[in-house]
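Analysis of the macromolecular model
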Amino acid sequence: MIGHLILRLTIWFLLTADFSTTNIIIGVIIALILPRGYTSRAKLTEWVKVLGEVVVAVLVAFKEAFEIIINPHHHEEIIREKVKHKHSSLLVFMDIFLITFTPKTIVLNHDEEGFYEVHHIKPGRK
């Protein structure tokens, strides 16, 4: 319960980027009234791994943002990536969130075969 609340509030604050008292109250209310998905329980080791990936993703996001500013990216490609966490929908969500969090990538589709379609931009001239 507390873990879900913290995760939902973290996502809320990342989306709104507002730490005012009103926004915190709204975030807590939304986090509490959202329905809970009771799917298979993920192992603690998987969550620890995902949290480590979150830290790495934040660092990569800053690095990629500076790369885009310094050297504009004009080449695009769409690739298929294998889903890492098939058995937990929450971990699949976190995986998609991490891919989309970095400035050079976004997940376009998640198919039932266990793949993501990921849009990448690469450096280069027009």
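Here, the structure is the one placed above.
Below is a summary of the structure that appears in this document. (Residues numbered from 1 in each chain as written. Predicted model: local features only at pLDDT ≥ 70, side-chain atom pairs only at ≥ 80, totals over all residues. Heavy atoms only, no water.)

**Re the packing of aromatic side chains**
- Under the definition given, this model contains three aromatic pairs.
- The interplanar angle of 40 degrees and the centroid separation of 5.0 Å between the aromatic rings of F13 and F19 together place this pair among those described as tilted.
- Residue class for F13 comes out buried when judged on its relative accessible area of 17%.
- The exposure class assigned to F19 is exposed, which follows from its relative accessible area of 61%.
- Following the ring pairs from residue to residue traces out a cluster consisting of F93, F97 and F101.
- When the ring centre of F115 is taken as origin, the NZ or CZ atom of R80, which lies over that ring, is 4.2 Å away.
- Cation over ring: K82 sits above F115, and NZ or CZ is 5.0 Å from the ring centre. (Phe/Tyr/Trp six-rings, centres within 6.5 Å; stacked < 30°, edge-to-face > 60°. Buried < 20%, exposed > 50% of the residue type's maximum accessible area, 1.4 Å probe, protein only. Lys NZ or Arg CZ within 6 Å of the ring centre and 35° of its normal.)

**A look at the sheet that holds strand β1 (residues 73-82)**
- Reading across from one edge, β1-β3-β2 is the order of the three strands in this open sheet, with antiparallel pairing throughout. With one partner strand each, in any of the chains shown, β1 and β2 (105-110) form the two edges of the open sheet. Here the average twist between neighbouring strands, direction ignored, is 25 degrees.
- Of the strand pairs in this sheet, β2 and strand β3 (residues 115-123) are connected by five bridges, and their pairing is antiparallel. Bridging from a neighbouring strand, V107 pairs with V118 of β3.
- Across the sheet, helix α4 (residues 89-101) lies against β1, β2 and β3, angled at about 145 degrees from β2, the strand it touches most. (Pairing = 2+ DSSP bridges. Helix = DSSP H or I, 4+ residues; strand = E, 2+ residues; numbered from the N terminus. Axes fitted to C-alpha atoms, helices over the stretch in contact; angles between N-to-C directions. Contact = heavy atoms within 4.5 Å.)

**So, the pattern of salt bridges**
- Applying the stated criterion across every chain yields a total of five salt bridges.
- Where salt bridges share partners, they join K63, E67 and K104 into one cluster. (Salt bridge = Lys/Arg side-chain N within 4 Å of Asp/Glu carboxyl O.)

**A few points about the nonpolar core**
- By size, the foremost hydrophobic cluster in this structure holds six residues: V83, V92, I99, V107, Y116 and V118.
- Residue assignment for this core shows that the elements contributing at least two residues are α4 and β3.
- When residues no more than four places from it in sequence are discounted, the contact partners of V83 are V92, H110, G114, F115 and Y116.
- Listed in part, the five residues of the second largest apolar core include I11, V50, L91 and M94. (Core = buried A, V, L, I, M, F, W, Y, C linked by side-chain atoms within 4.5 Å.)

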